[in-house]
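These are the residues of each chain, in order.
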Amino acid sequence: MRLSGEELEVLSILEENHRIPVQDIALMVNSSVEDVSAIIKKLEDEKIIVSYPALIDWSKVAGEENIVAMIDVKVTPKRGVGFDEVAERIYRFPEVTSLYLMSGAYDLSITIEGKTMSEIARFVSEKLSTIDNVISTTTHFMLKKYKHDGVIFGENNDRDRRMVVSP
Amino acid sequence: MMKEHQHYLSGMVKELKPSGIRKFFDLAASIKGVISLGVGEPDFITPWSIREAAILSLEEGYTSYTANPGLLELRQEISGYLNKRFGVQYNPVDQVIVTAGASQAIDLTFRAILNPGDEVLIIEPAFVSYAPLVTLAGGKPIPVSTHPSNGFKLTPEQIENAITTKTKAILLCSPNNPTGTYLNKEELTKIAGVVEKHDLLVISDEIYAELTYDDEYTSFASIEGMYDRTILINGFSKGFAMTGWRLGFLAAPQPFTEQMVKILQYTTMCAPHMLQHGAIEALRNTYHEVESMRRSYRRRRNYIVQSLNSIGLDCHTPGGAFYVFPSIKKTGMSSEQFAEELLLAEKVAVVPGSAFGESGEGYIRCSYATSMEQLQEAMQRIKRFMDSLESKENRVQELSTNN
Ligand SMILES: Cc1ncc(COP(=O)(O)O)c(C=O)c1O
């Protein structure tokens, strides 16, 4: 879908920070609150804006640290429905946080999150491997998140190193 | 026993006024938790690939002097950039000089062209360094005041009125610091008419050329007949977020640059070698990042102009740079008093307009090169400050009517 310049502008403002009030976005793009609200509604309806999640560094919250694993999966696609049906069976599991169809050495890339190592092990051995078309799985545990969705974790670049007043 | 230190100092230097910005900086720096709209530089950190190129340059051992006017490779990039972006042609070999910031380029220019007593027209409100640099080069800065009624745009009549037999040059800055005023091609062409008529030189400070929000940029050197009369000043500070690098450049007809290179040779030799490699990367590969910074400034400009106007601080919409220059006249305060009280009451730093010359009185400079979150907070605080002034005034009025 082609978007207007103004729609693109609103999108990139929201992508940076979706908590900016509509009133302020309207000022930023020189438009009215009604128009901006309509744009946002349209982008949501069209599922161009899919969701507004907060990006949280859970590793910093005591007791809430998650174990994240990325699993490479090889599957035999089903006749007629290809990979989609297998993918759907996998992404329905709530512990799966993302799922991509890949080219190359394996077919599906799954990210799953769990509280403990055994939770993840159980998911792989009991749920994932037992699906008919899954041929093999390779599980990689994530040790540390440096950057996610374009955001650098724990970076202190917000600090303003400038003097308070300068020419 | 030494005579009093004062006795040894240069009279000319003693007479230079300290910048009004400096004074305000000292006050603001002494207060904690200040939201600053007082900075004249980008809030972005230099794009990574530029930083990396400088790191690599150091790793590879580029620690020697370069040619006085800078690395030829960089001058070639600059020449190509000026041609591609602004349609002006300069020979990289003898018409382009890399300097330690646009500041040094301006200094070199005045030193190269001024004889004692020569007058230079400075369009005010103006960047704080211009007049002192003219004075230091032995010339005489002549302020030309512009007016808010037409968005602080310079008119040919204003130049005509200021011209004397001693006038040698006029310094143009578009987009302007502190007003953000941008002069389009038509307006520059009118100015060119007077320049031609009176046989003047133009020093065109184009440091904010990458930061215009509504129009394509027109370089003064590209105006018909002006190439031979123009010394074009530009640099990396603002558009590429490289203020601390101290890298700028100038481009001019060869008879000028020939003399400037001599001065450069005796004063600084050259701009820092390893940083020049960063500048090459900046011109080659970072246009999309410049563009995204520009878009971000534009949104913030729109936001701050409308917010200030709705708070009741009248503010024209500037076409470029990252400053707005709202009027504080209706508060009845001087710009210095306003800035000081705002700082003390609400911890928001803005620069008093008077720091930029007489015609800046009655205004404050607010820089929007700061995050949206900070801007939103600053606007709330300024509103609260204005409301408090109003209620104070109402009380005074009540008191006087009751009496
Ligand atoms: C109009 C103008 N010219 C020149 C400069 C100096 O730039 P540089 O950092 O390249 O010396 C500034 C910096 O604030 C400026 O506002």
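The model shown is predicted, which means the values in this text are computed figures rather than measured ones.

### Structural notes on the site of the ligand
Then step 1. Taken together, 14 residues form the shell around the ligand, and within it Ala102, Ser103, Asp205, Ser237 and Lys238 of chain B come nearest.
Then step 2. The ligand sits at the junction of chains A and B, each of which supplies nearby residues.
Then step 3. In this structure, an oxygen atom belonging to the ligand sits 2.8 Å away from a side-chain N or O atom of Tyr208 of chain B.
Then step 4. In the model, an oxygen atom of the ligand is placed 2.6 Å from a nitrogen or oxygen of the Lys238 of chain B side chain.
Then step 5. Here the shell around the ligand gets three residues from one element, more than from any other, and that element is helix α6 (residues 101-113) of chain B.
Then step 6. Per-class residue counts for the shell around the ligand are seven nonpolar, four polar and three charged.

### Notes on the nonpolar core
Nonpolar side chains in soluble globular proteins tend to end up buried together.
Residues and elements named next belong to chain B.
Then step 1. By size, the foremost hydrophobic cluster in this structure holds 99 residues, and its most contacted members are Leu37, Phe110, Ile304, Leu308, Phe338, Met379 and Ile382.
Then step 2. Counting residues per element, this core draws most heavily on helix α14 (residues 372-402), which supplies eight residues.
Then step 3. Once residues within four sequence positions are removed from consideration, Phe110 is found in contact with Val120, Tyr130, Leu133, Val134, Ala137, Leu171 and Ile203.
Then step 4. Val96, Phe236, Ala282 and Val290 belong to the second-largest nonpolar core, a separate cluster that totals 30 residues.

### Regarding the sheet that holds strand β9 (residues 323-324) of chain B
All names here are of chain B.
Then step 1. Taken in spatial order, the three strands make up an open sheet running β9-β12-β11, and their pairing is antiparallel. Sheet topology places β9 and β11 (351-352) at the edges, where each strand pairs with a single neighbour.
Then step 2. In this structure, β11 lies alongside strand β12 (residues 364-367), joined through two bridges in antiparallel fashion. Counterpart to Val351 in the pairing with β12 is Arg365.

### Overview of the pattern of salt bridges
Then step 1. Within the structure shown, the criterion is met by 26 salt bridges over all chains.
Then step 2. The salt bridge involving Lys168 of chain B is made with Asp118 of chain B; its shortest N-O contact spans 2.8 Å. On the criterion of sequence distance, the pair formed by Lys168 of chain B in strand β5 (residues 167-173) and Asp118 of chain B in the loop between α6 and β3 (119-124) is long-range, its members being 50 residues apart.
Then step 3. Taking relative accessible area as the criterion, Lys168 of chain B reaches 24% and is therefore assigned partly exposed.
Then step 4. A single network of salt bridges, built from pairs that share partners, joins Glu9 and Glu16 of chain A together with Arg295 and Arg299 of chain B.

### A few points about the sheet that holds strand β2 (residues 96-101) of chain A
Residues and elements named next belong to chain A.
Then step 1. Read across the sheet, four strands follow the order β2-β3-β1-β4 without closing on themselves; strand pairing throughout is antiparallel. With one partner strand each, in any of the chains shown, β2 and β4 (134-141) form the two edges of the open sheet. The average angle at which neighbouring strand axes cross in this sheet is 20°, direction not considered.
Then step 2. Pairing between strand β1 (residues 67-75) and β4: seven bridges, direction antiparallel. Bridged to Lys74 within β4 is Ser136.
Then step 3. On the sheet, helix α4 (residues 84-91) packs against β1, β2 and β3 (108-114) and is oriented at approximately 165° with respect to β2.

### Things to note about the pairing of strand β7 (residues 230-235) of chain B
Residues and elements named next belong to chain B.
Then step 1. By the criterion of burial, β7 is predominantly enclosed, with six of the six residues buried.
Then step 2. Neither face of β7 is open: one carries Thr230, Leu232 and Asn234, the other Ile231, Ile233 and Gly235, and all of them are buried.
Then step 3. In this sheet, β7 lies alongside strand β6 (residues 201-205) in parallel orientation, the contact comprising four bridges. Residue Val202 lies in a different strand from β7, and its bridge partner there is Thr230.
Then step 4. Of the pairings in the sheet, the one linking β7 to strand β8 (residues 248-251) comprises four bridges and is antiparallel in character. Residue pairing in the sheet places Leu232 in a bridge with Ala251 of β8.

### A word on the domain arrangement of chain A
Then step 1. Each domain of chain A was delimited in the assignment, giving domain 1 (5-60) and domain 2 (67-146).
Then step 2. Centre-to-centre, using C-alpha coordinates, domain 1 of chain A lies 32 Å away from domain 2 of chain A.

### Some thoughts on helix α3 (residues 33-45) of chain A
Residues three or four positions apart in an α-helix share a direction because the helix packs 3.6 residues into each turn.
Residues and elements named next belong to chain A.
Then step 1. With 13 residues, α3 should cover 18 Å at 1.5 Å per step; its first-to-last C-alpha distance of 18 Å lies within 8% of that length.
Then step 2. Where α3 is concerned, the buried positions are Val36, Ile39, Ile40 and Leu43. Along α3, the residues classed as buried sweep out an arc of 95° about the axis, all on the same side. Residues Glu34 and Asp45 are exposed on α3 and point more than 90 degrees away from its buried face.
Then step 3. In this fold, the buried residues of α3 make contact with α1 (5-16) and α2 (22-28).
Then step 4. Lys47 lies just past α3 and shows a positive phi near 60°.

Cut-offs applied
Residues numbered from 1 in each chain as written. Chains lettered and ligands numbered in written order. Predicted model: local features only at pLDDT ≥ 70, side-chain atom pairs only at ≥ 80, totals over all residues. Heavy atoms only, no water. Near = heavy atom within 4 Å. Polar contact = N/O pair within 3.5 Å; in protein donor to acceptor, adjacent residues only side chain to side chain. Helix = DSSP H or I, 4+ residues; strand = E, 2+ residues; numbered from the N terminus. Nonpolar A, V, L, I, M, F, W, Y, C, P; charged D, E, K, R; others polar. Core = buried A, V, L, I, M, F, W, Y, C linked by side-chain atoms within 4.5 Å. Buried < 20%, exposed > 50% of the residue type's maximum accessible area, 1.4 Å probe, protein only. Contact = heavy atoms within 4.5 Å. Pairing = 2+ DSSP bridges. Salt bridge = Lys/Arg side-chain N within 4 Å of Asp/Glu carboxyl O. Axes fitted to C-alpha atoms, helices over the stretch in contact; angles between N-to-C directions. Domains from an automatic or database assignment. Expected span 1.5 Å × (residues − 1). Arc of directions from axis to C-beta.

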